[in-house]
Structures are given as C-alpha cells and as structure tokens.
Amino acid sequence: MKRFLTLSLFIAVAAIASTAAYIYFSTKSAVDSLIESAQPFVSIHYQKFSNPMDGSISIHGVTVNPIFGMTDAPIDIGSIELRLDSALDYLNFEKKIESGEILPKLQLKINHVFAGLNLIANDEPDEAELISAYITALSCGDIKEIGSKELPELGYAGIDSSIHLNFEHDKYSSEVEMAFEITMHDMARYSAQLLIPNISSSSDLANINTKVSSLEFELQDLGYNNRVIEYCVKQSGLEPDAYVEQHIQALKRYLSDANIHLSKNIYDAYQAHLVEQATLTIVSQPSDAINLQDIELYETKAWANLLGLTLFVDANPPSLVRFDWNKNTAIEDLLNARSIAIKAPIVKQRTRINKRNNIKPIPKNREIPISGLYDYINYPVRLETKQGKTFKGFIIDVASGRVIIEIRLNGGTAEIPIDIANIEKAFIAKP
C-alpha cells in the first residue's frame, strides 16, 4: 500500500511538473514567435522571461529598435506582463479565442516605455495636438504653442509611459468590466472604466450595437501643470495667480470664438486641476444602457442628459455639466479660431455640395459594390449590416473606413457613421 501511494504521488508530481514545463516552454515559445513575426518592422530583444505559474507571464528589459531607418533612437520598455485567471488558461489559449470563448480575466501591463524626445521631434502634430498645444500656451507671454517640441523647455528629457489594461467577465451576470489606464510619469495619468451588460460571447463584444451601462473617465496631474505654470510665469512676467486668471479668461474667449459653450463648473474644475492638481472624474450613468454610436443622432447639448454625466473634483460632491457645440464643425472652428489668433492660414471649412438633383438615375434596388461606395456620394442607398440592421439615407461622405449617411428623423435629419467592414450589402434606394 505504501509503495502504491508513493508511486501515485510520484505520478501526480510528474504530471504537474510536465504540465508546468509545457506551460512555461509553450508560453515562452509563443512570445518568441510573436517577436520574430515583428522582425520585418522592428528588432526586439529582451533580457528575461518569467512564468511563475500563477497565471502571469512577463518579459523584462525589452529594447525595440525600428528598422528601415525610421529613427536611430531605440525604445526601452521596463517590462511587459500578461496575467490570466490561472496558469491553466494558457492551455489551448488560441483555440479558446478562436471558438469565441471569453476568458474570465485578462490583465496586460506595459511598464515604463521610455522614448527620447528626438523620437517625436519630427512628428507632424494632428488636429487635436495643435488645439491642445495652443490652449496650453494661452497667456504664456509670446509663446504660441506648448506641445511635444517644447518639452525640453519644461525640463523633460523624454517621455516615460506605462499602459495597463484590465478585463473581467462574469459569466453569471453576463457583464464585462474593462479598465484602461495610461500614465505618463511625472506628467499626467488618464484612465477609463466601462461596464458592458449582456455579454455571453466574443461576438457580443464585437457587435457595434453593444450597449454600455456605465462609463468613467479620470484625469490626474502628476507635475506637468506645475511645470507649465512656472515656465509661463517666466515668459509672461506675471505673478502665478495673475497668470492663471489671464489663462482662464483667454481660454473662455478662445472657446467662445469657436462657438463652444461650457458650464461654469467645467472651467472651475479645470482651474482646480491646473493649480491644485485636483483629480477630475467624469462619470456616465445613463438611466438605461446606451449604444454610444447612437449619441451621434442627437445635438451635443443633449448628450449630458442622455449619458447621465456628473463631474467630480477630488472628493467634492458631484455636479452636473452642461455644454454645447456644433459636432460637425467643432474641430474646424477651433482650428480657425487658433489660426486667426496666431495669424496662420485659415483651415478651409468642409462643405458638402448638394448634387442630388443632378445625379445620374440608377434603377432602384440595384445592388452596388461595397468597395465602390465613394462613387455613390449624394445617392440614396439602403445599407444592410452584418448585424442584421438596415439603414436608409443619402451617402454624404466616405472616409477613414466609414460611410456617412444622412437619415430622416421626426423633425429633421441625422448623420450616422457606419464601418464599411460591417456592411453586408448595399443597394440604391428610393429617394
């Protein structure tokens, strides 16, 4: 009996050891294979692979060197960590994902991604960066922009960032909770959390009609604002309090010139964030779960009520927010207000010429190629999506992988963006 127990124990230990070895080497092999697949674009090296058999794997001391002469500057990463609910979740991981199974828990951490400023020095700023750089420099003496190119003036030698993603699925309540956080160390932290109900498979997550029951955004200053204030006090020759007051007033004028209207508590929250490093939190708790794509159907002044928005400043009691702008022209309005102030070329407003009365007649219900939707701008169409929904309206634009159609509503019209990848069939419709 003793020999039998000893033999049984030995077999059990051997089985556990072999399973552990399989998980360790298979996960390391998968990591190495993934890195090898990236070799045509970047050269990736790491110093250490770790699999403590607690559901986590990690690589440490990662160096990424871009290829094709994009830059000579490497990107250093302290560590990349992946954690599942248990080590056994790595078994048949690929098959589980392909079958549509949702893992109960997944956590990804990319810690301390450091990039030197020469890596971003030649990047052309996008529209949002241009607007942000202009707002930051308001009332900063003769300085017109404070963006990535001005970071050395603020005392930064590079950008050190960490990204955390947390995903949890409760199969009993069919709810998914997701959290995303990006920390720019010594600068700022941004985070978002959302709760998605009625999720039973991965296809539910990919469904464009999936609704969100709660959403939360948080912004925390980690020292960037203080550096900007110190820099602009020197540039303007003002006392800190006077500079902040002038900056807030200049911001109000700028947004007003761009036809953007914000409630007073939003400006108060911004000032507390700027001066006192107050953490700002926007919470959305609509009375019913809402499809975020549907929000485009409404004017912006209705968004706060539809989304159930409240604003928190540190631990102070929450307050309701109010805002209003033209969602179709807001970016151009902001860029043009900026251009007038700094005497830069005016951004040409996007206009859509109505040629519907001059379009070539095409038989109704004729199927048209999805790849050629751009050729049918201003035509009435019927679009059938892979999710079983049908949209009827005029195509007014096709850009960035989406077709924009204008549909009729009670009392007016609305513009709806639809991902072309989600369109099953397209037809010419009756006007």
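Procedures and definitions
- Residues numbered from 1 in each chain as written.
- Predicted model: local features only at pLDDT ≥ 70, side-chain atom pairs only at ≥ 80, totals over all residues.
- Heavy atoms only, no water.
- Disulfide = S-S within 2.5 Å.
- Helix = DSSP H or I, 4+ residues; strand = E, 2+ residues; numbered from the N terminus.
- Buried < 20%, exposed > 50% of the residue type's maximum accessible area, 1.4 Å probe, protein only.
- Axes fitted to C-alpha atoms, helices over the stretch in contact; angles between N-to-C directions.
- Parallel < 35°, antiparallel > 145°, perpendicular 65-115°, else oblique.
- Contact = heavy atoms within 4.5 Å.
- Salt bridge = Lys/Arg side-chain N within 4 Å of Asp/Glu carboxyl O.

A.B. asks: Break down the state of the cysteines for me, citing the residues and quoting the values.
C.D. replies: Throughout the structure, instances matching the rule amount to one disulfide. Each sulfur of the disulfide joining C140 and C232 lies 2.1 Å from the other. On the sign convention where negative means left-handed, the S-S torsion of about -100 degrees between C140 and C232 marks this disulfide as left-handed. With C140 in the loop between helix 3 (127-136) and strand 6 (158-170) and C232 in helix 5 (residues 224-236), this pair connects stretches of sequence that are 92 residues apart. Side by side, C140 and C232 carry an identical accessibility label, which is buried.

A.B. asks: Quick one: what's the story with the packing of helix 5 against helix 6 (residues 240-257), residue by residue and with numbers?
C.D. replies: Angle between the axes and distance between the axes are the two parameters that describe a pair of packed helices. Between helix 5 and helix 6, the shortest axis-to-axis distance is 10 Å and the interhelical angle comes to 95 degrees. As the angle between them shows, helix 5 and helix 6 are arranged roughly perpendicular. Taking contact as the criterion, the partners of V228, I229, C232, V233 and S236 in helix 5 are, on helix 6, P240, Y243 and V244.

A.B. asks: Which residues make up the pattern of salt bridges, and what are the values?
C.D. replies: Pairs may arise between side chains of opposite charge once their charged atoms sit close together. Across all of its chains, the model carries seven salt bridges by this definition. Among the salt bridges present, the one from D268 reaches K264, with a minimum N-O distance of 2.8 Å. With D268 and K264 both in helix 7 (residues 264-276), this residue pair falls four residues apart, about one helical turn. Looking at D268, the relative accessible area reads 39%, which means it is partly exposed. The exposed category is assigned to K264, whose relative accessible area is 59%. Salt-bridge contacts for E384 lead to R382; the nearest nitrogen and oxygen are separated by 3.6 Å. With a relative accessible area of 25%, E384 lands in the partly exposed category.

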